[in-house]
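A closer look at the structure
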Amino acid sequence: MKCAVSFLLVFLLASMLVSAQMLKGKISNSSGEPVPYATIYIQELSQGTTANTRGDYELKLPAGKYQVTYQSMGYAPQYFNLTVTSQDILKNVILTMQYYQIPEVRISAINEDPAYGIMRKVIGMAPYYLNCINYYKSEVYLKGNLIIVKIPKLIKRAIVKAEKEDGNEKMDFKDGDVYLMESYNEVEFTAPDKYVKKVLSFNSTFPDTEESVSPMDFINASFYSPKVADIAISPLSPQSFSYYKFKYLGATLQGKNTVNKIQVIPKIKSQQLVEGIIYIVEGLWCIHSLDLSINNILGKIEMQQLYIPVKNDIWMPVTYKFKIDFSMLGIKADVGYGSSIKYLDVVLNASLHKPESVTANYYSANAAPERSETPVSKNQKKIQEILDKGEMKNADMIKLAKLMEKESKGTLPDSVRNNLEIKNNTTNTVEKDAGKKDSVYWAEIRPIPLTELEMRSIIRRDSIKKETSLKVVKSDTLPKPVVKKKSKFFQMAGNIAFGHAWSDTTGLRFNFGGLLNLKSLSFNTVDGFTYGTDLRISKGWKNHTALTVAPEARWTFSREKLMWKMNGTYSFNSMKQRQLFFRSGNTSRDISDGGSINPFLNSITTLFFKDNYLKLYQSAFLTTGYRTEIVNGLRLEISAGYENRKVLSNTTDFTIIKHSKAYTANIPDNEYLATGSNTINALRDQKHFEIVTNVTFTPRQKYSIYNKNKVNRGSDWPTFSLTWKHGINEFSELTDRYKDFDLIRVDVARGHDIGLTGHLIWRISSGGFLNNRYLTWYDFVHFNAQPLPVLIDNYQDAFRLPAYYSLATPEFFGEGHVKYSTPYLLLKYIPGFSKTLAKENLSLSWLGSRYHSHYTEIGYSITQLFFVGELGVYAGFDNLKYRGAGVRFVFKIGN
């Protein structure tokens, strides 16, 4: 029996050796220099790999006959027919330079560079190639490396310290260190967006890398998309002619295919634009290969891709190469990533029809595959008419791209097109023991040979592991060292002083703001200095219900009064987003509920400049309410509240820097409160009751579901909002003490992208009181005015010039705000600013009310200045007559 088993094992081993032999060698140029990252492709296996930086390659192949293609950017491809038997094959290949010629037929009659005619067809066909695959299954090998060129000592010490605090003694980066990460993956794609990714094995010399290594970040981005990985504008975008220039560098014959070489030149230097060479297959108007680079905040990123016809006339990428010259905060490093892909199965999208004119042009010199006879739709006829034009114009290109995109979307089932749920259709799994494969395994499966530096990195890692294991064995025989633990007293004192968050496994969470929280310190002329703390207690249950209570307490040192607030919510039926909520307290409140000065900013202006902008009143209140989603996109909120309002006055004239001027009274600057105005509108002690109903509707609201919780994800439609507020106020001096009023308000708002880089936000509001005769200032419609030159909060819909509180009105009103943002307006065309990440904004705001002039404000601003700021200039007009102008700088802290 043992002999039989031994014989069987020997037989199986021999069969494996016969069935899979090594094809290896070196790829060099005519001068004998190695060609790094050259591509080797096996036509019969739909499998490709790349050479390493020294031009070495190796590939395991089963016995059989193969056509092997060797190629690299700038070199003519070499084709060899090889027969693999029981012996390894050593094949050294010399690649010669590829020369491109400009044929006479490419000379344009309108003296336009021929590249534009080619690119118009490629751009028009891009939606087809983006959607022509219905299914594929592939094996993907990824290899990345990091070479540390320079790391500042300060940053190095910070990293080491942080790692030691986490109990990791192995983190010790040095200049010249090399780190390797490689993985072997199985990727399965099903249209339109379902990916199943399985990490079969991974090998890393990075410290403590025990996590899934995903290949999709590197192989999922497509240059057929208008934007590549959301960081760059593709040269194949329908708007690419606005960002790029193209130059025709000639054509060459590779096998039976004519390949055009086109230079991509950005019109301005920008972190969102690429440059380099793109190669296009004549007739099919698809990508043959590309060699592009982009300079962004990380450094220079070089990208190379090679496409091969893996299924009939469908060209798909088989090798990728990324190289990053990383430079940030004094850290310099070389980062490289390469991949090889073997397609196990590819299924075309049979519902998506390739234009007959494209197929006819390409197969005039190639044997066409069999295609099913399907009726030609009206869209397809229009596509063919555009492609048949001798000279395609820009308008034709855009029309062609739109028709192809429409045709592509038409192939999707109705269940996909009409489904509003955004699902995470990516499944990631890691095989058990994927990170524990030995060197023998990797030597057998690795398609890209390691360089000497990468091999040293593995040897260094293995020696560290061995040394660590010896230390562990040795330490078991020695007395355990005494580890000094932090004092529980000092730890608890720190948590009480500076705040802390606690949680347990039952879903209970406790967040305490701390007794020394400077965010709770402020100053105003009514309360004087105020200081306090807050906490938040929440409890979640397995049935997806949750209860949250958030009390807050503050002491006013000038008024010597304790102020407090408490908010609470009970959430249930998470799919309907239902909540019961309450708000209560006894505190000083801003007289305006439409937005006014930031409390911290008011503290600065008051203490240092004696400008007390913030106006307050005393509010003892209780509000309860209920909110729910009736159907998808339709939400209802109903609340009822009581408030006891009391007028407050200044209680202190303290200031840090003495001024001769006095503080202004605690009365807002508004014409309705001026001397001689209607006394009904004046501030007064008053009891108030209200019922508020708000209905919002967002047509075709998209959403996601995470752990049975629904999360709204926006819509292509605006959001409509209707608010009705019925209020009752007490007037003690009147015979009929209680007077009611009704406010009706309508809002419509939307934010959406314009083109590839622009974003438009707009909101329109209108409303008024049905009966405003007995209306006090508290219940006016208040608007957000922010007149200070330096601001802190990122206000979305604010007027930058009018004084605080000056815009409030009891009349019928209309309000509108529009803001357009883009990185390509004026700034990027100025030398020195082209590589910045700054965005430019144009804004228009309008406010009109009965009996008052219409106020209009226009503005220009630059955002992302130093990553936290927005600098803008604004001009205001009353009834289109110039009123004034000002400059504003906003610190966008926490936004």
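Look a little higher up for the structure.
Overview of the structure. Residue numbers here run from 1 along each chain, matching the order of that chain's written sequence. The predicted origin of the model limits local features to residues at a pLDDT of at least 70 and limits the giving and counting of side-chain atom pairs to 80 or more, whereas totals for whole chains, interfaces and linings rest on all residues. To obtain the side-chain values, all non-hydrogen atoms of the structure were used and water was disregarded.

**Re the overall build of the protein**
Only DSSP runs of H or I reaching four residues or more are called helices, and only runs of E reaching two or more are called strands; each is numbered from the N terminus. For the protein, the count of helices and strands is 12 helices and 42 strands. The rule is simple: take the accessible area with a 1.4 Å probe, protein chains only, and divide by the maximum for that residue type; under 20% is buried, over 50% is exposed, in between is partly exposed. The buried share of the protein, taken over its 895 residues, is 46%. It only takes one pair of heavy atoms within 4.5 Å for two residues to be counted as in contact. Long-range contacts, defined here as pairs at least 24 residues apart, represent 61% of the contacts in the protein between residues at least 6 apart. Working definition of accessibility: Shrake-Rupley area with a 1.4 Å probe, residue cover restricted to the visible protein chains. Carbon together with sulfur atoms contributes 58% to the accessible area of the protein, which is approximately 47,000 Å² in total.

**Thoughts on helix α7 (residues 394-410)**
In this scheme, a helix's expected span is set at 1.5 Å multiplied by one less than its residue total. With 17 residues, α7 should reach 24 Å at 1.5 Å per residue; the first-to-last C-alpha distance of 24 Å fits that figure. Along α7, the residues classified as buried are D396, M397, L400, A401, L403, M404, E407 and S408. The arc that holds every buried residue of α7, seen down its axis, measures 165°, which confines them to one face. Away from its buried face, by an angle of more than 90 degrees, α7 presents the exposed residues A395, K402, K406 and G410. On its buried face, α7 sits against α2 (114-131) and α6 (378-387). Here the arc refers to the set of directions running from the helix axis out to each C-beta atom.

**Remarks on the packing of aromatic side chains**
When two rings of Phe, Tyr or Trp (its six-membered ring) have centres within 6.5 Å they constitute a pair, described as stacked for plane angles under 30 degrees, edge-to-face for angles over 60, and tilted for the intermediate range. Using the criterion set out here, one finds 30 aromatic pairs in the structure. When the ring of Y129 is compared with that of Y224, the centres are 5.5 Å apart and the planes differ by 25°; the resulting orientation is stacked. Linking Y129 in helix α2 with Y224 in the loop between α4 (216-219) and β12 (227-228), this pair joins segments that are 95 residues apart in sequence. Since its relative accessible area comes to 7%, Y129 is described here as buried. Geometrically, the ring pair formed by Y320 and F322 is stacked, given 6.3 Å between the ring centres and 10° between the ring planes.

**Focus on empty space enclosed by the protein**
Think of a 1 Å grid over just the protein atoms. A cavity is a set of points where a 1.4 Å probe fits yet cannot get out, a pocket is an open set with protein on both sides within 12 Å along at least five of seven lines, and lining residues have an atom within 4 Å of a point. Grid points are joined across faces, edges and corners, and a volume is the space filled by probe spheres set on the points. Scanning all chains against the criterion turns up 4 cavities of 30 Å³ or more. Estimates place the volume of the largest cavity at around 220 Å³. Residue lining of the largest cavity: 20 residues in total, with T39, S72, M73, S289 and L306 positioned closest to the centre. Within the residue set of the lining of the largest cavity, elements represented by two or more residues are β17 (286-296), β18 (299-311) and β19 (314-328).

**So, the environment of F512**
You can see F512 is positioned in strand β23 (residues 508-512). Separated by 23 residues in the primary sequence, F512 and L535 place their C-alpha atoms 4.4 Å from one another. Residues within four places of F512 in sequence aside, it is in contact with N495, I496, G499, H500, W502, T533, D534 and L535.

**Topic: the pattern of salt bridges**
What counts as a salt bridge is simple: a side-chain nitrogen of Lys or Arg found within 4 Å of a carboxyl oxygen of Asp or Glu. Applying the stated criterion across every chain, the model contains 30 salt bridges. E275 is paired through a salt bridge with K269; the nearest N and O atoms lie 3.4 Å apart. The class for K269 is partly exposed, based on a relative accessible area of 44%. A salt bridge links K300 to E302, with the shortest nitrogen-to-oxygen separation between them at 3.9 Å.

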